[in-house]
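Chains, contacts and geometry: an overview
Below are the chains, spelled out letter by letter.
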Amino acid sequence: MRRKSSLILLVAAVFCVALAPLLREFVFPKMVARALSGEDAYRVVVLDATDATLLGAPEGPGKARITAIQTIRPDAKASKDGTVVWDLNLAVLDSTGKVVTQLPERYAFEAAGQIPRNCCGESIDGAPAAHTGLAYKWPFFTGKRDYNYYDSQAHSANVIAYKGTAKRDGLQTYRFEQEVPWMKVPMPKQLPGGLDPIAVEKQGMQLWYTATRRMWVEPVTGIPVYLEETRTEELRTSPPADDPNARPVVTKVFEGTFKPRPEWSQKLIADAKDQSKKLRAVHDTVPLALLVTGVVLFLIAVALQFIADRKSRPTPQPTTTPKTADTPDTPTRVSAPDPAHPH
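Throughout what follows, the structure given in this document is the object of discussion.

Each value, and the rule that gives it
Residues numbered from 1 in each chain as written. Predicted model: local features only at pLDDT ≥ 70, side-chain atom pairs only at ≥ 80, totals over all residues. Heavy atoms only, no water. Helix = DSSP H or I, 4+ residues; strand = E, 2+ residues; numbered from the N terminus. Buried < 20%, exposed > 50% of the residue type's maximum accessible area, 1.4 Å probe, protein only. Areas by Shrake-Rupley, 256 points an atom, 1.4 Å probe, with all protein chains shown as cover. Pairing = 2+ DSSP bridges. Salt bridge = Lys/Arg side-chain N within 4 Å of Asp/Glu carboxyl O. 1 Å grid on protein atoms, 1.4 Å probe; cavity = no way out; pocket = protein on both sides within 12 Å on 5 of 7 lines; lining within 4 Å. Points joined across faces, edges and corners; volume = space filled by probe spheres on them. Nonpolar A, V, L, I, M, F, W, Y, C, P; charged D, E, K, R; others polar. Core = buried A, V, L, I, M, F, W, Y, C linked by side-chain atoms within 4.5 Å. Contact = heavy atoms within 4.5 Å. Patch = residues over 30% accessible without salt bridge, like charges linked within 9 Å, V, L, I, M, F, W, Y side chains within 5 Å. Phe/Tyr/Trp six-rings, centres within 6.5 Å; stacked < 30°, edge-to-face > 60°.

**Focus on the overall build of the protein**
- Summing up its helical and strand segments, the protein has three helices and 12 strands in all.
- Here the protein, with 343 residues, has 41% of them falling under the buried criterion.
- If you sum the accessible surface of the protein, you get close to 20,100 Å²; carbon and sulfur atoms cover 58% of it.

**Concerning the pairing of strand E3 (residues 83-93)**
- Where burial is concerned, most of E3 is hidden: nine out of the 11 residues are buried.
- As paired strands, strand E2 (residues 64-74) and E3 are joined by eight bridges and run antiparallel to one another. Bridging across to E3, Ala68 finds its partner in Val92.
- As paired elements, E3 and strand E4 (residues 99-110) share 11 bridges and run antiparallel to each other. Note that in E4 the partner of Trp86 across the bridge is Tyr107.
- Linking E3 to E4, which pair antiparallel, is a turn of five residues; within it Gly97 sits at a positive phi near 90°.

**Description of the pattern of salt bridges**
- For the structure on display, the rule yields 14 salt bridges.
- Here Glu177 ties to Arg175 by a salt bridge, and the two come within 3.9 Å at their closest N and O atoms.
- Taking relative accessible area as the criterion, Arg175 reaches 25% and is therefore assigned partly exposed.
- Several salt bridges converge on common partners, so that one network encompasses Asp151, Arg213, Glu229, Arg231 and Glu233.

**A few points about the layout of surface pockets**
- The computed volume of the largest pocket comes to approximately 1,100 Å³.
- Around the largest pocket, the lining comprises 45 residues; the ones closest to its centre are Arg43, Ile72, Tyr136, Lys137 and Pro224.
- Here the lining of the largest pocket takes seven residues from strand E11 (residues 223-237), the largest share from any one element.
- Of the residues belonging to the lining of the largest pocket, the class tally is 29 nonpolar, six polar and 10 charged.
- Considering the residues around the second largest pocket, the lining is formed by 26 residues, among which Thr101, Gln102, Leu103, Gln153 and Pro188 are closest to the centre.
- Secondary-structure elements contributing two or more residues to the lining of the second largest pocket are E3, E4, E11 and strand E12 (250-260).
- In terms of residue class, the lining of the second largest pocket is built from 16 nonpolar, six polar and four charged.

**Remarks on the sheet that holds strand E7 (residues 147-151)**
- On the basis of which strands lie adjacent, the open sheet formed by 12 strands has the order E6-E5-E4-E3-E2-E1-E12-E11-E10-E9-E8-E7 and antiparallel pairing. The open sheet has two free edges, formed respectively by strand E6 (127-128) and E7, since each of these has just one partner strand.
- Judged from the two bridges that link them, strand E5 (residues 123-124) and E6 form a sheet pairing that is antiparallel. In the strand pairing of E6, Ile124 is matched with Ala127.

**Focus on the pairing of strand E9 (residues 171-185)**
- Two elements, strand E8 (residues 156-168) and E9, share eight bridges in a ladder whose sense is antiparallel. Counterpart to Gly164 in the pairing with E9 is Arg175.
- The turn linking E8 back onto E9 is made up of two residues, and Asp169 within it adopts a positive phi angle of 55°.
- Here E9 pairs with strand E10 (residues 205-218) via 10 bridges, running antiparallel. Within E10, the position partnered with Glu179 by the bridge is Thr212.

**Some points on the nonpolar core**
- Membership of the largest hydrophobic core comes to 42 residues, with the highest contact counts inside it found for Leu36, Ile66, Trp86, Val225, Phe254 and Phe258.
- Only helix H1 (2-37), strand E1 (43-54), E2, E3, E4, E11, E12 and helix H3 (262-312) provide two or more residues apiece to this core.
- Contact partners of Ile66, with chain neighbours within four places excluded, come to Leu47, Asp48, Ala49, Ala52, Leu54, Val92, Leu93, Asp94, Phe254 and Phe258.
- Formed by 13 residues, the second largest nonpolar core is a distinct cluster that contains Met183, Leu191, Val200 and Met205.

**Considerations on a nonpolar patch on the surface**
- A surface patch of nonpolar side chains, about 230 Å² in accessible area, is lined by Val292, Val296 and Ile300.
- Inspection of the secondary structure puts Val292 in helix H3.
- Given a relative accessible area of 48%, Val292 falls into the partly exposed group.

**Brief notes about the environment of Lys98**
- Mapped onto the elements of the fold, Lys98 is located in the loop between E3 and E4.
- For Lys98, a relative accessible area of 53% gives the class exposed.
- For the pair formed by Lys98 and Thr67, sequence separation is 31 residues and the distance between their alpha carbons is 9.9 Å.
- Not counting the four nearest positions on each side in its chain, Lys98 is found in contact with Val92 and Leu93.

**With respect to the environment of Pro29**
- Its location among the elements puts Pro29 in helix H1.
- As a C-alpha pair, Pro29 and Gly82 span 53 residues in sequence and 7.3 Å in three-dimensional space.

**Observations concerning the packing of aromatic side chains**
- With the rule as written, the count across this model stands at 11 aromatic pairs.
- Aromatic pair Trp86 and Phe109: ring centres 4.9 Å apart, planes at 75°, arrangement edge-to-face. With a gap of 23 residues between them, Trp86 in strand E3 and Phe109 in strand E4 connect regions that are remote in the sequence.
- Given the relative accessible area of 5%, Trp86 is considered buried.
- Note on Tyr107 and Tyr136: the rings are 6.2 Å apart at their centroids and 55° apart in plane angle, and the pair reads as tilted. On the criterion of sequence distance, the pair formed by Tyr107 in strand E4 and Tyr136 in the loop between E6 and E7 is long-range, its members being 29 residues apart.
- Among the aromatic side chains, those forming a connected cluster through ring pairs are Trp138, Tyr147, Tyr149, Tyr162, Tyr174 and Phe176.

Shown next, in the form of structure tokens:
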């Protein structure tokens, strides 16, 4: 019975030890891919910029209140084989609620590592695009190091540097900062102030852009729970080539700092706290518990086998010298008669 029990425990131990790495290598990637491509990944974040400058804003330069609405909508049908596809849109509204510009985007990435896949009709503002680096979603178990982060306005990735840890509403986060240098960017299909992008380009004007981005990322889930983004956009004319002293004509399109509304940031923090517990369970707690259980079961199986082996050994019997025909019997001693009492 002990032999049978030890064999069962040994099989169970091997199963637990083998299952532990499988949870990380197979179950975890499939779980996160399903989560990122499902309805639960749909997200809306609202950001405000106060005392901003917006071309055509009724308040005037430096006094405008601007709202940016970032929407993430997963495409479950296009997401497959570990690839997640998101349709995004960034809409900018003035204080009257009018949409003055927006930037639609389609983004495909590998679920577990957040590596761009450059497939599935990736685009920005209707034009094909090839994302590089990170974008929107940070890796699970984000490291304390620098990354390349993609800027959809600039159509390029720049270094976003790790700046240390910080707590937001009791949640431990990693803080990152990125400087996007001045660069000429593609003209959007919609410009503030009622400007016609085609007519603006025909006049020889170009759109220039720079930004400073600060992000607080919950490292387990890779969710950015807070963001501050200062950006400046200008329309510039190219100075005449034959006049070295001429300067370009500059028209300020936008200048301001976006920050998420408190209620939206609190929702992101709550989501990160909830998801981090589930991810740690699948990635760390359960595999470790399986390994410990496997080791304990193995030790019990060895102990039961040892006991069974001892019980099955024959009990040693005491050894005796066998009697043979040539061995004389021991003579019986007879007492000599007492001379004082003759018979």
